[in-house]
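Listed below are the residues making up each chain.
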Amino acid sequence: GAVVSQHPSRVICKSGTSVKIECRSLDFQATTMFWYRQFPKQSLMLMATSNEGSKATYEQGVEKDKFLINHASLTLSTLTVTSAHPEDSSFYICSASHLPGQGLATNEKLFFGSGTQLSVL
Amino acid sequence: AQSVTQLDSQVPVFEEAPVELRCNYSSSVSVYLFWYVQYPNQGLQLLLKYLSGSTLVKGINGFEAEFNKSQTSFHLRKPSVHISDTAEYFCAVSDRGSSASKIIFGSGTRLSIRP
């Protein structure tokens, strides 16, 4: 099946620094990628939808200046947590949509990265 | 708006025993339902999905789930688990006709298999 690679798998940083997380689709072109965040014992929450060549669409309550998303190519989307603080510590997961125009009932499928555990000290 | 509840955050089971992972959802419209599995150090993978038709859905690795509209449930079952089934399992729901961006996930259930 299709593979999505996410790096790094774990990162520890000091408060105030920025952290970049990469999400790559390895064997298909992903015009649409998604970024999620999961706090302990809570649901995976969609943060933003990343579209190749255009601005990301952020969910309500997610600060776009805090979580910068760049989707400059058909196989790579990056999430940068700027000026990270301890409350940003969380598990971040990306996914790439294969055949996004066809809908979940037909051929659209989501392929997920393995996640990034961010710890801000 | 939809929501998904997975009541059990952890389920320990002995190898070869049956298992049921519970999932309840709420929605004012008709939905699609999904179960995803995340093995250690891997991304989420689709186990099975319910779109329409038969309420009993069979997925990969011997798992099945039953859609119960009256109880708004979509519980996942396996008659005999193996050590390799150790993973985190996520139930998810979306509106019919939605794109993947509208999938709502539960908080996950960690299945641990004891030898």
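Structure: see above.
None of these values were measured; they are calculated from a predicted model. (Residues numbered from 1 in each chain as written. Chains lettered and ligands numbered in written order. Predicted model: local features only at pLDDT ≥ 70, side-chain atom pairs only at ≥ 80, totals over all residues. Heavy atoms only, no water.)

Colleague: I tried to follow the pairing of strand β11 (residues 116-120) of chain A on my own but got confused; where do I start?
Modeller: As a general feature of sheets, a regular strand has side chains that alternate between the two faces. All names here are of chain A. The alternating pattern of β11 places T116, L118 and V120 on a buried face and Q117 and S119 on a face that is not buried. Pairing of strand β2 (residues 10-13) with β11, which is carried by 4 bridges, proceeds in the parallel orientation. When the sheet's bridge partners are listed, I12 is paired in β11 with S119. With 3 bridges connecting them, strand β9 (residues 90-98) and β11 associate as antiparallel partners. Following the sheet pairing, Y92 is matched in β11 by T116. (Buried < 20%, exposed > 50% of the residue type's maximum accessible area, 1.4 Å probe, protein only. Helix = DSSP H or I, 4+ residues; strand = E, 2+ residues; numbered from the N terminus. Pairing = 2+ DSSP bridges.)

Colleague: Explain the sheet that holds strand β7 (residues 67-73) of chain A to me, please; I cannot follow it from the model alone.
Modeller: Sheets are built from strands that pair by backbone hydrogen bonding, the pairs being arranged parallel or antiparallel. Residue and element names in this part refer to chain A. Pairing within the open sheet is antiparallel, and its 4 strands lie in the order β1-β3-β8-β7. Each edge of the open sheet carries a strand with a single partner, namely β1 (4-7) and β7. Averaged over all neighbouring strand pairs, the angle between strand axes comes to 15°, with direction disregarded. Summarising the sheet, β7 and strand β8 (residues 76-81) pair through 5 bridges and their orientation is antiparallel. (Axes fitted to C-alpha atoms, helices over the stretch in contact; angles between N-to-C directions.)

Colleague: Explain the side chain of S97 of chain A here, please?
Modeller: Residues and elements named next belong to chain A. With respect to the helices and strands, S97 occurs in strand β9. Among the residues examined, S97 registers a relative accessible area of 0% and is labelled buried. Setting aside anything within four residues of it in sequence, one finds S97 in contact with F28, A30, T32, F34, E108, K109 and L110. (Contact = heavy atoms within 4.5 Å.)

Colleague: I'm lost on the state of the cysteines in this one. Help?
Modeller: All told, the structure shown has 2 disulfides over all chains when counted by the stated rule. A disulfide bridge connects C23 of chain A with C94 of chain A, and the sulfur atoms are separated by 2.0 Å. On the S-S bond that ties C23 of chain A to C94 of chain A, the torsion sits near 80°, and the link is right-handed. Linking C23 of chain A in strand β3 (residues 19-25) with C94 of chain A in strand β9, this pair joins segments that are 71 residues apart in sequence. Take C23 of chain A and C94 of chain A: they sit in the same class, and that class is buried. The side chain of C23 of chain B participates in a disulfide bridge whose partner is C91 of chain B; the two sulfur atoms lie 1.9 Å from each other. Across the S-S bond linking C23 of chain B and C91 of chain B, the dihedral sits near -65°, which makes this disulfide left-handed. Of the two residues, C23 of chain B sits in the loop between β3 (19-21) and β4 (24-26) while C91 of chain B sits in strand β10 (residues 87-95), which places them 68 residues apart along the sequence. (Disulfide = S-S within 2.5 Å.)

Colleague: What am I meant to see in unusual backbone geometry here?
Modeller: For residues besides glycine, phi is generally negative; the peptide bonds are generally trans as well. For the bond running from H7 of chain A to P8 of chain A, omega is -5°, close enough to zero to count as cis. Tracing the chain through its elements places P8 of chain A in the loop between β1 and β2. Here E16 of chain B, not a glycine, exhibits a phi torsion of approximately 75°, which is positive. Inspection of the secondary structure assignment puts E16 of chain B in the loop between β2 (10-14) and β3. In this model, N61 of chain B sits at a positive phi of 60°, which is unusual for a non-glycine residue. Inspection of the secondary structure puts N61 of chain B in the loop between β7 (56-58) and β8 (64-68). Classification of N61 of chain B as partly exposed rests on a relative accessible area of 40%.

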